[in-house]
Amino acid sequence: MEESDEQEFNCIDEAQAIINDVKAHVAEIVVSSKLASSATQIYLNIRTIESATCCVQVSSRGFKIVSSQYDTIDEDKAFRSLNNGDEKQEEDEEEIFETPYALLDKISPRYVESFGNQLCQQLRQLQQMRTEFHEEDEEEEEED
């Protein structure tokens, strides 16, 4: 039973890491309080910058949109994932993303812009820190 608890803890940790990583690039992202999580999967409610909403299943397979509404699994999508029919058909209908970034890139055009802006800001801060560091080195050399 301990192993199961550890896996569940890791699933929750993973969800929290995802939330912390992308929260600056979405309007809202939270763990679903209505859909049951397990040791192997958890559900996230996401509202993009453009105000589109979705419920995403996070599992070892990746990230899958299960509904366009919070705390919901669309029955037709659930049925398709349970259906053992034609794999090609199922593959076309069920898109699984390897990362939260790939999912957001697909559903939120402004995500890329937001991510790029944050990256530029961090690079500017790094450049400023580096400039300040070099100025301090030059001042110390002049004093010697």
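All values reported here derive from a predicted model rather than from experimental measurement.

1. Structural notes on the sheet that holds strand β3 (residues 53-59)
Taken together, the five strands give an open sheet; going across it, the order is β1-β2-β3-β4-β5, and neighbouring strands pair in antiparallel fashion. Edge positions in the sheet fall to β1 (28-31) and β5 (96-97), since each has one partner strand and no second.

2. Section: the packing of aromatic side chains
Scanning all chains against the criterion turns up one aromatic pair. Between Y111 and F115, the aromatic rings sit 6.0 Å apart at their centres with planes inclined by 35 degrees, giving tilted as the arrangement. Here Y111 pairs with F115, and both are found in helix α5 (residues 109-143), just four residues apart, close to one helical turn. Among the residues examined, Y111 registers a relative accessible area of 4% and is labelled buried. Accessibility expressed as a relative area gives 37% for F115, which makes it partly exposed.

3. Thoughts on the environment of L35
With respect to the element layout, L35 can be found in the loop between β1 and β2 (41-47). With a relative accessible area of 17%, L35 lands in the buried category. Sequence separation of L35 and C55 is 20 residues, and the distance between their C-alpha atoms is 9.7 Å.

4. Some thoughts on a negative patch on the surface
Residues E132, E135, E136, E138, E139, E140, E141 and E142 make up a contiguous surface patch of negative charge. You can see E135 is positioned in helix α5. According to the relative accessible area criterion, E135 is partly exposed, its value standing at 42%.

5. Describing empty space enclosed by the protein
For the structure on display, the rule yields one cavity of 30 Å³ or more. A volume near 50 Å³ is recorded for the largest cavity. Every residue along the wall of the largest cavity is listed here: I18, V22, I29, L44, I46, V56, F63, P100, L103 and L104. At the level of elements, α1 (2-22), β2 and α4 (100-107) are the ones that each hand at least two residues to the lining of the largest cavity. By residue number, the principal contributor to the lining of the largest cavity is α4, which donates three residues.

6. Overview of the pattern of salt bridges
Charged atoms that come close allow side chains of opposite charge to pair. Inspection of every chain in the model, using the stated rule, returns two salt bridges. Note that E28 is salt-bridged to R47, the shortest N-O span being 3.3 Å. Taken together, the positions of E28 in strand β1 and R47 in strand β2 put the pair 19 residues apart, joining distant regions of the chain. K106 is the salt-bridge partner of E95, the closest N and O atoms lying 3.7 Å from each other. In this pair, E95 is assigned in the loop between α3 (87-93) and β5 and K106 in helix α4, connecting sequence segments eleven residues apart. According to the relative accessible area criterion, E95 is partly exposed, its value standing at 39%.

7. Regarding the nonpolar core
I29 and I46 are the most contacted members of the largest nonpolar core, which totals 18 residues. Counting residues per element, the ones that place at least two in this core are α1, β2, β3 and α4. With five residues, α1 is the single largest residue contributor to this core. What I29 contacts, discounting residues up to four positions off in sequence, is I18, I19, V22, K23, L44, N45 and I46.

Parameters at a glance
Residues numbered from 1 in each chain as written. Predicted model: local features only at pLDDT ≥ 70, side-chain atom pairs only at ≥ 80, totals over all residues. Heavy atoms only, no water. Pairing = 2+ DSSP bridges. Helix = DSSP H or I, 4+ residues; strand = E, 2+ residues; numbered from the N terminus. Phe/Tyr/Trp six-rings, centres within 6.5 Å; stacked < 30°, edge-to-face > 60°. Buried < 20%, exposed > 50% of the residue type's maximum accessible area, 1.4 Å probe, protein only. Patch = residues over 30% accessible without salt bridge, like charges linked within 9 Å, V, L, I, M, F, W, Y side chains within 5 Å. Areas by Shrake-Rupley, 256 points an atom, 1.4 Å probe, with all protein chains shown as cover. Salt bridge = Lys/Arg side-chain N within 4 Å of Asp/Glu carboxyl O. Lys, Arg positive; Asp, Glu negative; His and termini not counted. Charge placed at Lys NZ, Arg CZ, Asp CG, Glu CD. 1 Å grid on protein atoms, 1.4 Å probe; cavity = no way out; pocket = protein on both sides within 12 Å on 5 of 7 lines; lining within 4 Å. Points joined across faces, edges and corners; volume = space filled by probe spheres on them. Core = buried A, V, L, I, M, F, W, Y, C linked by side-chain atoms within 4.5 Å. Contact = heavy atoms within 4.5 Å.

It is worth stressing that arrangement in space is one thing and function is another; only the former is reported here.
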